[in-house]
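A look at the structure
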Amino acid sequence: MSGVILWLPGETALAPLVEKSILKKRSSQAILSQDQGEVLSNSVPLSHVYIEADTPQAWKDALQEIRAAGICGLDLETTGLDPLSSRARLCQLSLPSGRVYVADLWELGREGASPLQDLGQLSERSDIKKVGHNLKFDLSFIQASQNRRLKMSNLFDTMLASQVCWAGYDSLQRADKATKNFWKTKTPEQSLKALAERHLGISLSKEFQASNWGADTLSPEQKVYAAKDVKVLLPLHEILMELLQKNKLEHIAELEFTALPSVIEMELTGLPLDTQACRSLMEQKKTQAQVLLQKLQAEAQKAGFEARRKKGTKYSPLLNPASSQDVLVFLQAQGYDISSTGEAALKELAFNGCSWAGDLLQYRKTSKQANDFLEKWLLKLSPIDNRLHGQYFQLSTRAGRFSSREPNIQQVPKRGEEGLAIRRLFRAPPGKKLVKADLSGIELRIMARLSQDKTMIEAFQAGQDLHKLTASKISGLPIEQITKAQRQGAKAVNFLLIYGGQPELLQKRAKETYGVDMSLEEAKEAHRKFFQTYPEVAAFHEKQRTLKRLPKNHYLHNYEKGFYSRQAVTTQTISGRKRIWGQREYGYTLASINQLYNSPSQGTGADLLKAIMGEVYSSLPDEVKMIGSVHDELILEAPEALAQDMASLLLGIMRRVGSELLSPVPVDAEVEVLDSWGG
DNA sequence: AACAATGGCGCG
DNA sequence: ACCGCGCCATTGTT
């Protein structure tokens, strides 16, 4: 086993294998204010813990002190989690001196102050750094209270900073219960509580987190809790700044902080959904699904299907098409030789005349569309503005892409006529247009830049179609004679092979996706020709493979050790984002080589989109909103009169920022002004 | 009842 | 041994 032994988190059985090198022990306490210990003991007068800033004058004084300091910790307590339907109640501000101000925003409001306006202005000041944990939350409430776009600047999010430093890190943990997999991989916790413990040795109680923040008067205990939270932010900021610096990740953290306001805007604005059309399409699809279900079950019954008796469920003699076991048992009993009921296998059966398999596929698609998408969206629609507010997470993925949830905006159907019809439900409101921009073929451009492949770079510089070029090189035909089908085939070749796909997979995919029968020999030949045409891509792969044997120092920090380093295999994006590869299973299996090929590319795409989002956000007029982002695509909602201008703006920024990052590879984009997401 | 694993499928 | 996600229902386990 040539793998490199990475560290494990402290206490596992394998810990002795780990070399511990403590570079520099730094007492976190030195950065904490003197009375931190007393604060935690709860035995000192409240005025030593926090200062109330509930009068307009006291509030003003607090803001003045912050201006003088040039930095503050910022935290809000709110009546709920949704910035559209809940309200901010308490604002906590901390200073480098350790002083904490706690302000009851409602009380201040009654006395004629406008603290949320003040906070809005604070968020925009480039000369005052705002430090918070998951600032998306707090800033969403502040932004939601304003009637203009806040051009927030000089932000430092301790959660994002920490996530940047730990990206990709997996620790092995024993499962707490007896499960099949004894070892479980776990990503480190990134809550404020976890960070305070890890880096400062402070344990924060979360007892009051969900207490009644809408009460007539807030209790001293609630305020103490709130004050303790905000007090750890600046000490954490110090440590994370240094950690970012040691790992040369300041730039990536800055990229995340700059993208943050646009994420807030996307979540707050949400997507416009045509509710009526959505409901009727849902009903139509539900009916369709119901008809198909009965047909499937009736035919199965007629053909002699007998349900197994299952533990824990009510017995039904009917086949459940959502049960892959039921389906597999039935189809095998019918004499079909299959081992999976996935789409590829069922398509094959349907093609060979099994209409039941075709119906099942249709049923799965229709019921998924009706239940998982259309119905879910209607249930998720905000009663405040009747729009769909998915959440975005900047760093929940290993390579640095966004993830999205509740609902996942990144998996809205688009393929095929049915998918398109679903996207058309996202309609711009009257007088508005959607402006959509896609980075064109960005993965291959990134690969051209990563590998510095001469042929690829020249092709892009000449504005050539790389899929056609690949098709031409494989077939030996001149580019002008390449058919659409050949181009599609070459597209599969390009995407599969740059990430390490083997000829066997190529053969399989050609069949599945295009119905092209490719012999293994032909697939091998295409594989050979591809790397012959783009030799630097092969060299890039080779270079990535060697990374496994070239671990580098990566710095971490905790309260006990201070800053310390570990030998870690890391991969990097063009912007310098790092991903740490921890071993996954017993035996120290590292990343698969294909992951090492893919990660810098995928991560660079994320870097680029985030850079573009920051840039676009800072250039948008107030009436135009950023409403969506899907890996290589951005969506704006704009008044009709501004739509064309916004299209040019997007195109210009995407080309400029992209071409700068990928230089000498040019970046291009496709922009459209639309009435709906589906065109 | 709650949790874990799996298969399946939507997107890039 | 092609990468990255989130979400659902089923099925088995505690």
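Residues numbered from 1 in each chain as written. Chains lettered and ligands numbered in written order. Predicted model: local features only at pLDDT ≥ 70, side-chain atom pairs only at ≥ 80, totals over all residues. Heavy atoms only, no water.

1. Brief notes about the protein's contact with DNA strand C
Neighbouring DNA strand C are 33 residues; N320, S323, R509, Q595 and Q602 lie closest to it. Looking at DNA strand C alone, sugar and phosphate atoms form 80% of those within 4 Å of the protein. Between N408 and DNA strand C, the recorded distance is 2.9 Å, taken from a side-chain N or O atom to a sugar or linking oxygen. Here Q595 contributes a side-chain N or O atom positioned 2.7 Å from a phosphate oxygen of DNA strand C. Put simply, the parts of the chain that give the surface near DNA strand C at least two residues each are α15 (355–380), β13 (403–405), α21 (503–514) and α24 (593–619). Among the elements that line the surface near DNA strand C, the one with the most residues is α24, at four residues. Classifying every residue of the surface near DNA strand C gives five nonpolar, 17 polar and 11 charged. (Near = heavy atom within 4 Å. Polar contact = N/O pair within 3.5 Å; in protein donor to acceptor, adjacent residues only side chain to side chain. Helix = DSSP H or I, 4+ residues; strand = E, 2+ residues; numbered from the N terminus. Nonpolar A, V, L, I, M, F, W, Y, C, P; charged D, E, K, R; others polar.)

2. Things to note about the side chain of K436
Within the secondary structure layout, K436 lies in strand β14 (residues 432–439). Looking at K436, its side chain comes within polar contact range of the side chain of D438, at 2.7 Å. Setting aside chain neighbours within four positions, we find K436 in contact with E633, L634, E670, V671, E672, L674 and W677. (Contact = heavy atoms within 4.5 Å.)

3. Remarks on the side chain of T573
Turning to its location among the elements, T573 is positioned in the loop between β16 (562–572) and β17 (578–581). Not counting residues within four places of it along the chain, the set of residues in contact with T573 comprises P600, G603, T604 and D607.

4. Some thoughts on the sheet that holds strand β19 (residues 633–639)
Strand order in the open sheet formed by four strands is β18-β19-β14-β20, and the pairing between neighbours is antiparallel. If you trace the sheet from one side to the other, it starts and ends with β18 (625–629) and β20 (669–674), each paired once. Each strand of the sheet is rotated relative to its neighbour by a mean of 20°, with strand direction disregarded. (Pairing = 2+ DSSP bridges. Axes fitted to C-alpha atoms, helices over the stretch in contact; angles between N-to-C directions.)

5. Here we look at the domain arrangement of chain A
Considered domain by domain, chain A is made up of domain 1 (275–380) and domain 2 (454–533). Spacing between the C-alpha centres of domain 1 and domain 2 amounts to 35 Å. (Domains from an automatic or database assignment.)

6. Topic: the protein's contact with DNA strand B
Around DNA strand B, a shell composed of 26 residues is seen, among which T341, Q411, K414, R415 and D632 lie nearest. Among the atoms of DNA strand B lying within 4 Å of the protein, the sugar-phosphate backbone contributes 81%. A distance of 3.3 Å separates a phosphate oxygen of DNA strand B from a polar atom in the side chain of S340. Looking at the surface near DNA strand B, the element that brings in the most residues is α15, giving four residues.

7. Here we look at the packing of α24 against helix α25 (residues 640–662)
Contact geometry of α24 with α25 gives a least axis separation of 10 Å together with a crossing angle of 140°. For the element pair α24 / α25, the angle class is oblique. Between α24 and α25 the crossing geometry is right-handed. Where α24 abuts α25, its residues T604, L608, A611, I612, E615, V616 and S619 lie against L649, L650, I653, M654, R656, V657, G658, L661 and L662. Per-class residue counts for the contact of α24 with α25 are 11 nonpolar, three polar and two charged. (Parallel < 35°, antiparallel > 145°, perpendicular 65-115°, else oblique. Left-handed = near helix turned anticlockwise from the far one by under 90°.)

8. A few points about empty space enclosed by the protein
Under the counting rule described, the total for this entry stands at four cavities of 30 Å³ or more. Within this model, the second largest cavity holds a volume of roughly 50 Å³. In terms of lining, the second largest cavity is formed by R398, A399, T571, Q572, T573, R577, K578, R579, S599 and P600. Elements with a contribution of two residues or more to the lining of the second largest cavity: β16, β17 and α24. Its residues assigned to classes, the lining of the second largest cavity shows two nonpolar, four polar and four charged. (1 Å grid on protein atoms, 1.4 Å probe; cavity = no way out; pocket = protein on both sides within 12 Å on 5 of 7 lines; lining within 4 Å. Points joined across faces, edges and corners; volume = space filled by probe spheres on them.)

9. Some points on unusual backbone geometry
With an omega of -5°, the peptide bond between E406 and P407 qualifies as cis. Tracing the backbone shows P407 in the loop between β13 and α16 (416–423).

10. Observations concerning helix α11 (residues 250–269)
With 20 residues, α11 should cover 28 Å at 1.5 Å per step; its first-to-last C-alpha distance of 30 Å lies within 8% of that length. Maximal helix bending in α11 amounts to about 35°, located at L260; proline P261 follows within four positions. In the segment just after α11, G270 is the residue with positive phi, at about 70°. (Expected span 1.5 Å × (residues − 1). Bend = angle between axes of the 7 residues up to and from the residue.)

11. Describing the pattern of salt bridges
Opposite charge on two side chains allows them to pair when their charged atoms are near. Applying the stated criterion across every chain, the model contains 36 salt bridges. A salt bridge links E406 to R405, with the shortest nitrogen-to-oxygen separation between them at 3.1 Å. By relative accessible area, which is 44% here, R405 ends up partly exposed. Between E633 and K436 there is a salt bridge, with the nearest N and O atoms lying 3.6 Å from each other. (Salt bridge = Lys/Arg side-chain N within 4 Å of Asp/Glu carboxyl O. Buried < 20%, exposed > 50% of the residue type's maximum accessible area, 1.4 Å probe, protein only.)

12. Quick look at the packing of aromatic side chains
Under the defined criterion, the tally for this structure stands at 13 aromatic pairs. An angle of 90° between the planes, with centres 5.0 Å apart, marks the rings of W166 and Y169 as edge-to-face. Residue classification places W166 among the buried positions, given a relative accessible area of 9%. Among the aromatic residues, ring-to-ring pairing joins F373, W377, F426 and W677 into one connected group. (Phe/Tyr/Trp six-rings, centres within 6.5 Å; stacked < 30°, edge-to-face > 60°.)

13. Things to note about the pairing of strand β15 (residues 552–558)
Extensive coverage of β15 is indicated by the burial of five of its seven residues. Sheet topology places β15 next to β16; seven bridges connect them, and they run antiparallel. Residue pairing across strands places Y555 opposite S565, the latter belonging to β16. Following β15, the chain reverses through three residues before pairing antiparallel with β16.

14. Comments concerning the environment of G501
By secondary structure assignment, the location of G501 is in the loop between α20 (484–498) and α21. Judged by relative accessible area, which is 13%, G501 ranks as buried. Separated by 26 residues in the primary sequence, G501 and H527 have C-alpha atoms spaced 9.1 Å apart. Discounting residues that sit within four places of it in the chain, G501 has contacts with L496 and H527.

15. Here's the deal with the sheet that holds strand β3 (residues 71–78)
Spatial ordering of the open sheet is given by β2-β5-β4-β3-β6-β7, a layout of six strands whose pairing is mixed. On the outer flanks of this sheet lie β2 (51–52) and β7 (155–157), each paired with one strand and no other. Alignment of strand β6 (residues 129–132) against β7, held across three bridges, turns out to be parallel. Paired with K130 across the strands is L155, a residue of β7.

16. Comments concerning the nonpolar core
The tendency in soluble globular proteins is for nonpolar side chains to be buried as a group. Counting residues in hydrophobic clusters, the biggest one holds 78 residues, and the most contacted among them are W377, I612, V616, M626, L634, L636 and W677. The element contributing the most residues to this core is α25, with nine residues. Looking at which domains feed residues into this core, each of domain 1 (275–380) and domain 2 (454–533) gives three or more. Setting aside chain neighbours within four positions, we find W377 in contact with L273, L388, P407, V412, P413, I422 and F426. Residues Y101, V131, V164 and Y169 belong to the second largest nonpolar core, which totals 77 residues. (Core = buried A, V, L, I, M, F, W, Y, C linked by side-chain atoms within 4.5 Å.)

17. Description of helix α10 (residues 233–246)
A rise of 1.5 Å per residue sets the reference length of α10, with its 14 residues, at 20 Å; its end C-alpha atoms lie 20 Å apart and thus fit the reference within 8%. For α10, every residue scored as buried is listed here: L233, L234, P235, L236, H237, I239, L240, E242, L243 and L244.

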